[in-house]
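Listed here are the chains, written in short residue letters.
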Amino acid sequence: MTMAQTRKDSRDSRRTSSAPPRRGPGSRFGPREHARDVGGTLLRLWSYLGRQKRALVITAVLVVISSGLDVLGPYLMGRAIDSFVLGGDLAGLGRIALLMLGVYLVSSAVSWLQTYVMAGASQQAVTDIRNDLFAKLQTLSLRFFDQRTHGELMSRLTNDVEAVSNVLTNGITQLLSSTLSLVGVAAIMLVLNLRLAAVTLVTVPLMVSLSRWIAKRTRTGFRQQQTFLGDLNGIIEEAITGHRVVLAYGREQDVIREFKGVNRKLRAASTRAQIFAGALPPVTNLVNNTGLTIVALAGGWLALRGLATVGDIASFVQYARRFGWPLNSIASLYNAIQSAIAGAERVFDTLDEVPELSDDDDAQPLADVRGDVVFEEVCFGYEPGVPVLKNVSLHARPGQTIALVGPTGAGKTTIVNLLTRFYDIDHGSIRIDGVDIRRLKMDDLRRKLGIVLQDTYLFADTVMENIRYGRLDTTDDQVIAAARMANADQFIHRLPQGYATPLSERGSNLSQGQRQLLAIARAILADPGILVLDEATSSIDTRTEKTIQEAMLRLMEGRTSFVIAHRLSTIREADLILVINNGEIIERGTHRELLDRGGFYHNLYLAQFKGHLHLVPELAGG
């Protein structure tokens, strides 16, 4: 059984009502996203990373060791100058030089190891985020997807998560190492020479203030960049999936203009973000070099007065540089952090979505279905205040075939959407075998429904697996039997690899009629209790349709079936025909009864055979 997202009647309804607005920037996509709780976003990211406790502890220990060794190097150099260079002790100088070499080698090895451990932990965290986000998307209702482009959602799963991945992989250890280096350098400078330490640290407040000012503007720019990137992906996805329509209507230049428009906005947002982001390293370098100059001048002045040794000055020059490196590193890291925060906000936006439809705590399982379906005074609208169905009531008894007919946008597929509980009704009730479907487990409900849609969706897999999608526990023989019943076996055997033939995306290497036959076979294999055929034979030629109709009659035997059809000749044998117009059932009866009534159905039927009445016995001469 396939439970592909049914959208046709949603589109029909939008011809009489406005479509749900899409979220995002600009007039095409709605309002711009606003700033959010940065601290809360970082805490939620940490909650994912915090699951890797062992790796984090190991990384923290390695960072402490690495930072300590890094701070030790300049101190040893100062001691080498004061104790051995000025004293002319070459042997001592050699020993301390070897010690310094060992310190730097161990420091490099530990730095590599901490990166290795942290990479594993961060990638596991990113994997968890992707899994949670993808799983969340599977729980959300059709209305959520109606309001967003597929490209935007794909961007959240790819670009936004990748921005988070970059920071978690490299940024955490870099931030921790830089912070520890700052603390370690500041502490040892204060121990070595309080006066020089004060001179060295005088530029810190200026650097912090400039960094905060620039970072605030950088974060806004990166948030806009991530949002526009999602919009651009939406346009790309629509242009690729709808390429045939674009070509058919000669709209290539319009699509290009639309793409260029959003691309210009993306360029502007990215440029603003990169300008501020690019300003941070030069500014911190300028402040750091200014501080280094001040240290050199002050150190020389103190040395001339005997308040500092040459070794102390050499150490402080190195420490002043090393004090600037972590600050530069943190400043540069701001760029990636701002991009990651912007991406994380969009990811958590989706994770925080509350599913519109969910099972009640006391939801009942649905084991066997007799097929008694009742709609009682059902009202529904895709948008508040814009009704699509108005007080619809119907009763389908077990085994009956109910045909739904009417003009486009009348609400026929909406009835199916509500029966499958793709949407919840606004008023009234829908019952299956006497139980309101809102009290049933949705998975059980949908497993008992077999749906064949006009717009068939096939996956990029083999023919065999596409049919088996209706019921995964079936054997190959059962799949082949279902294909034969649907009259698909013959054309499948003509394919290059038969049932093992791989299909391209959406089955585009098959004709539309062949895709429809596979969808029918999929529904046959599912063996549903209730069957829904939404224009199931609309893409089948007349000769094939006759064979399919025989197969469908065998499939519908003993099952309650709802058939939506514009080709009225296909539903003559239905037990009950419901004529729907403007969201209301305006006529009901058998084919013969409705023709004799001479009403709306009679006129629809007459219009389909206009000029060929001699082919229709019940209308000939009428």
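Residues numbered from 1 in each chain as written. Predicted model: local features only at pLDDT ≥ 70, side-chain atom pairs only at ≥ 80, totals over all residues. Heavy atoms only, no water.

### Quick notes on the overall build of the protein
Part 1 of the reasoning: Broken down by element type, the protein carries 21 helices and 10 strands.
Part 2 of the reasoning: In the protein, of all internal contacts separated by at least 6 residues, the share reaching a separation of at least 24 is 79%.
Part 3 of the reasoning: Summing over all exposed atoms, the protein offers an accessible surface of approximately 29400 Å²; the carbon and sulfur share of this is 58%. (Helix = DSSP H or I, 4+ residues; strand = E, 2+ residues; numbered from the N terminus. Contact = heavy atoms within 4.5 Å. Areas by Shrake-Rupley, 256 points an atom, 1.4 Å probe, with all protein chains shown as cover.)

### Side note on the nonpolar core
Nonpolar side chains in soluble globular proteins tend to be buried together.
Part 1 of the reasoning: Formed by 43 residues in total, the largest nonpolar core has its most connected members in I467, I492, L518, I571, I577 and Y601.
Part 2 of the reasoning: For this core, the leading source of residues is helix 18 (residues 512-526), giving 8 residues.
Part 3 of the reasoning: In terms of nonpolar packing, the next biggest core, distinct from the first, is built from 40 residues, L142, Y423, I425 and L449 among them. (Core = buried A, V, L, I, M, F, W, Y, C linked by side-chain atoms within 4.5 Å. Buried < 20%, exposed > 50% of the residue type's maximum accessible area, 1.4 Å probe, protein only.)

### Thoughts on the sheet that holds strand 8 (residues 560-564)
Part 1 of the reasoning: Read from one edge of the open sheet, 6 strands run 6-7-8-3-9-10, paired in mixed fashion. Each edge of the sheet is formed by a strand with only one pairing partner; in this case those strands are strand 6 (449-452) and strand 10 (584-589). The mean angle between the axes of side-by-side strands here comes to 20 degrees, regardless of whether they run parallel or antiparallel.
Part 2 of the reasoning: Alignment of strand 6 against strand 7 (residues 530-534), held across 4 bridges, turns out to be parallel. Residue pairing across strands places L449 opposite I530, the latter belonging to strand 7.
Part 3 of the reasoning: Against the sheet, helix 21 (residues 600-608) engages strand 3 (401-405), strand 9 (576-581) and strand 10, with an angle of about 90 degrees to strand 9. (Pairing = 2+ DSSP bridges. Axes fitted to C-alpha atoms, helices over the stretch in contact; angles between N-to-C directions.)

### Thoughts on unusual backbone geometry
Part 1 of the reasoning: Its identity is not glycine, yet D527 carries a phi of approximately 50 degrees, on the positive side.
Part 2 of the reasoning: The phi dihedral of N582 is positive, around 55 degrees, even though this residue is not glycine.
Part 3 of the reasoning: Looking at the element boundaries, N582 is found in the loop between strand 9 and strand 10.

### Digging into the pattern of salt bridges
Part 1 of the reasoning: Within this structure, the stated rule accounts for 15 salt bridges.
Part 2 of the reasoning: The salt bridge partner of R346 is D160, with a shortest N-O separation of 2.7 Å. Note that R346 is positioned in helix 12 (residues 310-351) and D160 in helix 7 (residues 150-192), a separation of 186 residues in sequence.
Part 3 of the reasoning: Accessibility expressed as a relative area gives 1% for R346, which makes it buried.
Part 4 of the reasoning: One salt bridge in this structure joins E376 and R431, with 2.9 Å as the shortest N-O distance. (Salt bridge = Lys/Arg side-chain N within 4 Å of Asp/Glu carboxyl O.)

### As for the packing of aromatic side chains
Within a pair of aromatic rings, the relevant descriptors are the distance that separates the centres and the angle that separates the planes.
Part 1 of the reasoning: Scanning the entire structure with this criterion turns up 8 aromatic pairs.
Part 2 of the reasoning: Between F380 and Y382, the ring centres sit 4.9 Å apart and the planes meet at 80 degrees, which makes this aromatic pair edge-to-face.
Part 3 of the reasoning: Feature note: the residues F380, Y382 and Y423 constitute an aromatic cluster, connected by ring pairs.
Part 4 of the reasoning: Across the ring face of F348, the terminal group of R44 is positioned such that the distance to the ring centre comes to 4.2 Å. (Phe/Tyr/Trp six-rings, centres within 6.5 Å; stacked < 30°, edge-to-face > 60°. Lys NZ or Arg CZ within 6 Å of the ring centre and 35° of its normal.)

### With respect to the confidence of the model for the protein
Part 1 of the reasoning: Chain-level pLDDT for the protein is 77 on average; 85% of the residues reach the 70-or-more range.
Part 2 of the reasoning: When pLDDT is averaged over each helix and strand of the protein, the minimum, 36, is found for helix 2 (residues 26-29) and the maximum, 93, for strand 1 (residues 373-380). (pLDDT = per-residue confidence, 0-100.)

### Remarks on the pairing of strand 10
Part 1 of the reasoning: Pairing of strand 9 with strand 10, which is carried by 5 bridges, proceeds in the antiparallel orientation. The partner of I580 across the bridge, within strand 10, is I585.
Part 2 of the reasoning: Taken together, strand 9 and the strand that follows it, strand 10, pair antiparallel across an intervening segment of 2 residues, in which N582 is found at a positive phi of about 55 degrees.

### Here we look at the pairing of strand 4 (residues 427-432)
Part 1 of the reasoning: Bridge analysis of strand 1 against strand 4 gives 5 bridges, and the strand direction is antiparallel. Bridge pairing in strand 4 links V374 to R431.
Part 2 of the reasoning: In this sheet, strand 5 (residues 435-436) lies alongside strand 4 in antiparallel orientation, the contact comprising 2 bridges. Its bridge partner lying in strand 5, I432 is registered against V435.
Part 3 of the reasoning: Counted between consecutive antiparallel strands, the loop separating strand 4 from strand 5 contains 2 residues, among which D433 sits at a positive phi close to 55 degrees.

### Details of the environment of L105
Part 1 of the reasoning: Position of L105 relative to the elements: it lies in helix 5 (residues 90-139).
Part 2 of the reasoning: With a relative accessible area of 55%, L105 lands in the exposed category.
Part 3 of the reasoning: With 36 residues separating them along the chain, L105 and L69 place their C-alpha atoms 9.6 Å apart.

### Thoughts on the sheet that holds strand 1
Part 1 of the reasoning: With antiparallel pairing, the 4 strands of this open sheet are ordered in space as 2-1-4-5. Of all the strands in the sheet, the pair left with one neighbour each is strand 2 (389-396) and strand 5.
Part 2 of the reasoning: Of the strands in this sheet, strand 1, strand 2 and strand 4 are in contact with helix 13 (residues 412-419), which crosses strand 1 at around 110 degrees.

### Looking at the packing of helix 3 (residues 38-49) against helix 5
Part 1 of the reasoning: Taken N-terminus to C-terminus, the directions of helix 3 and helix 5 make an angle of 110 degrees; their axes are 8 Å apart at the nearest point. With respect to their mutual orientation, helix 3 and helix 5 come out roughly perpendicular. Regarding helix 3 and helix 5, the two cross each other, and that crossing is right-handed. Together, L45, Y48 and L49 of helix 3 and M118, A121, S122, A125, D128, I129 and D132 of helix 5 make up the contact between the two elements.
Part 2 of the reasoning: When the residues that make up the contact of helix 3 with helix 5 are grouped by side-chain class, the tally is 7 nonpolar, 1 polar and 2 charged. (Parallel < 35°, antiparallel > 145°, perpendicular 65-115°, else oblique. Left-handed = near helix turned anticlockwise from the far one by under 90°. Nonpolar A, V, L, I, M, F, W, Y, C, P; charged D, E, K, R; others polar.)

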